[in-house]
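Survey of secondary and tertiary structure
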Amino acid sequence: NPSFGGLSGLWVEPTGHRAVAVTDQGAWFTATIAYDENRRLAGLADTAITAMLGIDDLPLLPPWSDAESIAVLDGRLYVAFERENRLYRYGVPDAPGSVTPEWLPLPEEIAAGPRNGGMEAITDLGDGRLLAFSEGIPHGDGLAAWILKDDVAAKLTLTSKDGFLPTGAATLSNGDVLLLERRFSFLGGFAARIRRISRADIAPGAVLTGEEIATLMPPLTTDNFEALSVVPLTDGGTLVFLLSDDNFSALQRTLLLMFRISE
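Conventions we followed
- Residues numbered from 1 in each chain as written.
- Predicted model: local features only at pLDDT ≥ 70, side-chain atom pairs only at ≥ 80, totals over all residues.
- Heavy atoms only, no water.
- Helix = DSSP H or I, 4+ residues; strand = E, 2+ residues; numbered from the N terminus.
- Buried < 20%, exposed > 50% of the residue type's maximum accessible area, 1.4 Å probe, protein only.
- Contact = heavy atoms within 4.5 Å.
- Areas by Shrake-Rupley, 256 points an atom, 1.4 Å probe, with all protein chains shown as cover.
- Lys, Arg positive; Asp, Glu negative; His and termini not counted.
- Charge placed at Lys NZ, Arg CZ, Asp CG, Glu CD.
- Salt bridge = Lys/Arg side-chain N within 4 Å of Asp/Glu carboxyl O.
- Phe/Tyr/Trp six-rings, centres within 6.5 Å; stacked < 30°, edge-to-face > 60°.
- Pairing = 2+ DSSP bridges.

Here's the deal with the overall build of the chain
Looking only at helices and strands, the chain has one helix and 20 strands in total. Summarising its shape, the C-alpha atoms of the chain cover approximately 45 × 40 × 40 Å along the three principal directions. Evaluated residue by residue, the chain yields a buried proportion of 52% over its 263 residues. Contacts in the chain between residues far apart in sequence, at least 24 positions, make up 46% of those at least 6 positions apart. When the accessible area of the chain is evaluated, it comes to approximately 11,700 Å², of which 54% is carbon and sulfur surface. Positive and negative side-chain charges of the chain, numbering 20 and 35 respectively, have mean locations separated by a distance of 3 Å.

A few points about the pattern of salt bridges
On inspection of all chains with the given rule, the structure shows 14 salt bridges. A salt bridge links R182 to E135, with the shortest nitrogen-to-oxygen separation between them at 2.7 Å. Remark: E135 occurs in strand 10 (residues 130-139) and R182 occurs in strand 14 (residues 177-185); sequence separation between them is 47 residues. Judged by relative accessible area, which is 13%, R182 ranks as buried. Among the ionic pairs, D223 bridges to R253, the shortest N-O distance being 3.7 Å. In this pair, D223 is assigned in the loop between strand 17 (211-216) and strand 18 (225-232) and R253 in the loop between strand 19 (238-244) and strand 20 (256-261), connecting sequence segments 30 residues apart.

Observations concerning the packing of aromatic side chains
This model, assessed by the stated rule, comprises eight aromatic pairs. Their ring planes at 85 degrees and their centres at 5.0 Å tell us that W28 and Y90 sit as a pair that is edge-to-face. One end of the pair, W28, is in strand 3 (residues 27-35); the other, Y90, is in the loop between strand 7 (86-89) and strand 8 (102-104), and 62 residues separate them in sequence. Look at Y88 and W103: their rings are 5.8 Å apart centre to centre, the planes differ by 70 degrees, and that puts the pair in the edge-to-face class.

Focus on the environment of L60
Following the sequence through the fold, L60 ends up in the loop between strand 4 (41-51) and strand 5 (67-73). Look at L60 and you get buried, because its relative accessible area is 10%. Distance from L60 to G26, taken between C-alpha atoms, is 5.6 Å for residues 34 residues apart in sequence. Residues within four places of L60 in sequence aside, it is in contact with M52, L53, G54, S65, F81, R86, Y88 and Y90.

Quick notes on the sheet that holds strand 9 (residues 119-124)
Pairing in this open sheet of five strands is mixed, and the strands run 9-10-11-12-16 from one edge to the other. The sheet is open, and its two borders are formed by strand 9 and strand 16 (207-208), each paired with just one other strand. Summarising the sheet, strand 9 and strand 10 pair through five bridges and their orientation is antiparallel. Bridged to A121 within strand 10 is F133.

As structure tokens, this is what we get:
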């Protein structure tokens, strides 16, 4: 399918059986996740690609189609866009392709931010608020982040080092946030890093640093990882899914990886 690729945001339902992703060309990608007898990834089934609708009820077209991150808050899908920086709220995750979104208010700093450096990662904090990370809006000694609720935004700072920039985020069952970051260089290729940010540290005005819990770089399997989602397990562990954006390039791959972390 020529519309397959550019997967930039991912949400896996809490059962771990269904995935919803968005592309940077304005499409929904949905699939059922298949596992083998050892609960390892075995493939995807029931896949579908459908156009994302805009507030005019028409399919999104460039530059309005660059969806970068998704989150589910109060049972509804939220999607952050770049190029034309904005936040849309869609309906329930079961049939996102048939839903006309609401355009939600954002601080002017985000809405008027860089075309390729706006909200790159959002996650539901579990209490009616969203946490949003920018990829290219400086603040203090790092990058700007915001706690969003209704039309109120509280600003935070994310420390930034070693050339890594935010691309995805997800919230663990205890309220901690996993932040996915990406780095690229022509000599070193792609690298990815995951930081764990304590729930207690997420407050207006805070400087977020967190603890680095994983790094992927050659010779390990890596690519342009832009999406992260988590699924809690009954034994206290968590499944962590990473998804890469191939930028519709023959030189890159679409990869879905799954890891397990223990509390």
